[in-house]
Amino acid sequence: MKLGFIGAGNMARAIINGWSSQGQKAEIYLHSAHKASYEPYAKEHGLHACTSNTEVVSKADIIFLAVKPLVLAEVLHEIKETVQAKKPVVVSMVTGVSIAEIADLLELTPKELEVIRIMPNVNAEIAAGMTALNASPAVTETNFLRVKGLFEMIGQTEILPEKDFSTFVALAGSSPAYVYFFIDAMSRAGVKYGLKKDQATKIAAQAVLGSAQKVLADQKTPMQLVDDVCSPGGTTIAGLLAMEEAGFMTAVIKGMDATINKDQGK
Ligand SMILES: NC(=O)C1=CN([C@@H]2O[C@H](COP(=O)(O)OP(=O)(O)OC[C@H]3O[C@@H](n4cnc5c(N)ncnc54)[C@H](O)[C@@H]3O)[C@@H](O)[C@H]2O)C=CC1
Ligand SMILES: O=C(O)[C@@H]1CCC=N1
């Protein structure tokens, strides 16, 4: 299995580094717009640095599109003829772009080309990612399982209808940034009350990690777990009510709304 990456930025590297940490051995070919950055990265990680996007398509069997939405049309135009001739599996992680749109830009239909749409997140780098997948009708079961397996190596996967991808972006694609932001806010409070920043960050991050693991492991809903921590007349209920007074739940939902609207081009 030969894998190709068009775009070698934050998300591509999180995935490749995650695979590397899990002993994934497939050959990887990559090309991006910044030669001074991707060539040393490829050398350091034993990957093949290509000189064009077309070369990636000609060398690899599964092509990952890891560029920003704004340059996607230009990239697909560039690789169109090679894709039409070779018909590789095309895996797109580009936000807000459907399988049908990708096939269309390549002047093929979803029945003619194996296109898999994914939405990963940066925690793939430490094999704790969360990736959504959907496939065009042309995708063979073998190829779908192959790609799904690659993401199971570096986290959890969920097969979702394309209509739910924007919601998934909010809950898992973008949300690591929101959780890091929450951790930083708690850590700053620690600094406010005299702890060192690195010490406060470690304490807050471990509390978030344990809480997430508890939610996943426990039969109780998150709200039941909230109640378990809130002793009557205690510290937690005082803090929780003050957070709600400042609009905690509303702030989170507004953030999710804005992410979803942006993904849908609204
Ligand atoms: N960063 C994240 O946490 C996530 C990003 N995504 C999606 O992944 C895609 C990539 O995002 P990032 O890695 O964050 O962006 P980035 O800006 O870090 O990387 C983009 C890469 O595309 C390359 N590039 C630009 N023009 C190119 C061209 N014409 N040909 C080949 N390569 C070109 C750049 O050199 C760079 O390596 C986006 O569509 C984004 O929506 C999806 C989930 C999470
Ligand atoms: O901010 C972005 O557009 C990308 C998509 C999901 C995470 N980062």
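Owing to the predicted nature of the structure, the values given are computational and were not obtained by experimental measurement.

1. Concerning the site of ligand 1
As a structural note, the neighbourhood of ligand 1 is formed by 27 residues, with G7, G9, M11, S32 and A33 the closest of them. Only α1 (10–21) and α4 (69–86) provide two or more residues apiece to the shell around ligand 1. In terms of residue count, α4 provides more of the shell around ligand 1 than any other element does, four residues in total. When grouped by side-chain class, the residues that make up the shell around ligand 1 number 15 nonpolar, 10 polar and two charged.

2. Details of the environment of T131
In this structure, T131 sits in strand β7 (residues 129–135). The sequence separation of T131 and M93 amounts to 38 residues, and the corresponding C-alpha distance is 9.7 Å. Apart from the residues within four sequence positions on either side, T131 is in contact with I118, M119, P120, F151, G155 and T157.

3. Concerning the packing of helix α7 (residues 165–173) against helix α12 (residues 248–263)
Contact geometry of α7 with α12 gives a least axis separation of 8 Å together with a crossing angle of 135°. Relative to α12, the element α7 lies oblique. With respect to the hand of their crossing, α7 and α12 are arranged in right-handed fashion. The residues of α12 that touch α7, namely those facing S166, T167, V169 and A170, are M256, T259, I260 and D263.

4. Some words on the UniProt feature "binding site: NADP(+)" (unreviewed entry) in the protein chain
UniProt records the feature "binding site: NADP(+)" (unreviewed entry) for I6, G7, A8, G9, N10, M11, S32, A66, V67, K68 and P69 in the present numbering. For the residues just named, distributed over 64 residues, the greatest C-alpha separation is only 14.3 Å, placing them together at one site. Not counting chain neighbours up to four residues away, the residues in contact with A8 comprise R13, L30, S32, Y38 and Y41. Relative to the elements of secondary structure, G9 occurs in the loop between β1 (2–6) and α1. Judged by local crowding, G9 falls into the partly exposed class, with 16 C-beta atoms found within 10 Å. Filtering out sequence-adjacent residues up to four positions away, G9 remains in contact with S32 and A66.

5. A short note on the sheet that holds strand β6 (residues 115–119)
As summarised here, the arrangement of the eight strands in space is β3-β2-β1-β4-β5-β6-β7-β8, forming an open sheet in which the pairing is mixed. Sheet topology places β3 (48–49) and β8 (155–159) at the edges, where each strand pairs with a single neighbour. Sheet topology note: the β1/strand β4 (residues 62–65) ladder contains four bridges and is parallel. Note on β4: the bridge partner recorded for F5 is F64.

6. Quick look at the packing of helix α8 (residues 175–192) against helix α9 (residues 197–217)
Contact pair α8 / α9: the axes reach a minimum separation of 8 Å and the direction vectors enclose 130°. Taken together, the axes of α8 and α9 lie oblique to each other. Handedness of the α8/α9 crossing: right-handed. Here V179, I183, M186, S187, G190 and V191 of α8 lie close against α9, whose contacting residues are K197, A200, T201, I203, A204, A205 and V208.

7. Here we look at the domain arrangement of the protein chain
Assigned domains within the protein chain: domain 1 (2–168) and domain 2 (175–263). The C-alpha centroid of domain 2 is placed 33 Å from the C-alpha centroid of domain 1.

8. Some words on the site of ligand 2
In the vicinity of ligand 2, the residues found are T95, V169, G173 and S174. Among the residues forming the shell around ligand 2, the class breakdown is one nonpolar, three polar and no charged.

9. Observations regarding the pairing of strand β2 (residues 27–31)
Burial analysis of β2 places four of its five residues in the buried class, the great majority of the element. In terms of strand pairing, β1 meets β2 through five bridges, oriented parallel. Across the sheet, residue I6 finds its bridge partner in β2, namely H31. Remark: the β1/α1/β2 crossover connection has right-handed handedness. For β2 and β3, the ladder comprises two bridges, and the chain directions are parallel. Paired with Y29 across the strands is H48, a residue of β3. Handedness of the crossover is the feature at issue here: the chain leaves β2, passes through helix α2 (residues 35–45), returns alongside β3, and the resulting connection is right-handed.

The rules behind the values
- Residues numbered from 1 in each chain as written.
- Chains lettered and ligands numbered in written order.
- Predicted model: local features only at pLDDT ≥ 70, side-chain atom pairs only at ≥ 80, totals over all residues.
- Near = placed C-beta within 6 Å.
- Helix = DSSP H or I, 4+ residues; strand = E, 2+ residues; numbered from the N terminus.
- Nonpolar A, V, L, I, M, F, W, Y, C, P; charged D, E, K, R; others polar.
- Contact = placed C-beta atoms within 7 Å.
- Axes fitted to C-alpha atoms, helices over the stretch in contact; angles between N-to-C directions.
- Parallel < 35°, antiparallel > 145°, perpendicular 65-115°, else oblique.
- Left-handed = near helix turned anticlockwise from the far one by under 90°.
- UniProt positions renumbered as here; feature names shortened; annotations may be inferred.
- Buried ≥ 20, exposed ≤ 12 C-beta atoms within 10 Å, placed from the backbone.
- Pairing = 2+ DSSP bridges.
- Domains from an automatic or database assignment.
- Right-handed = clockwise from strand over helix to strand, strands pointing away.

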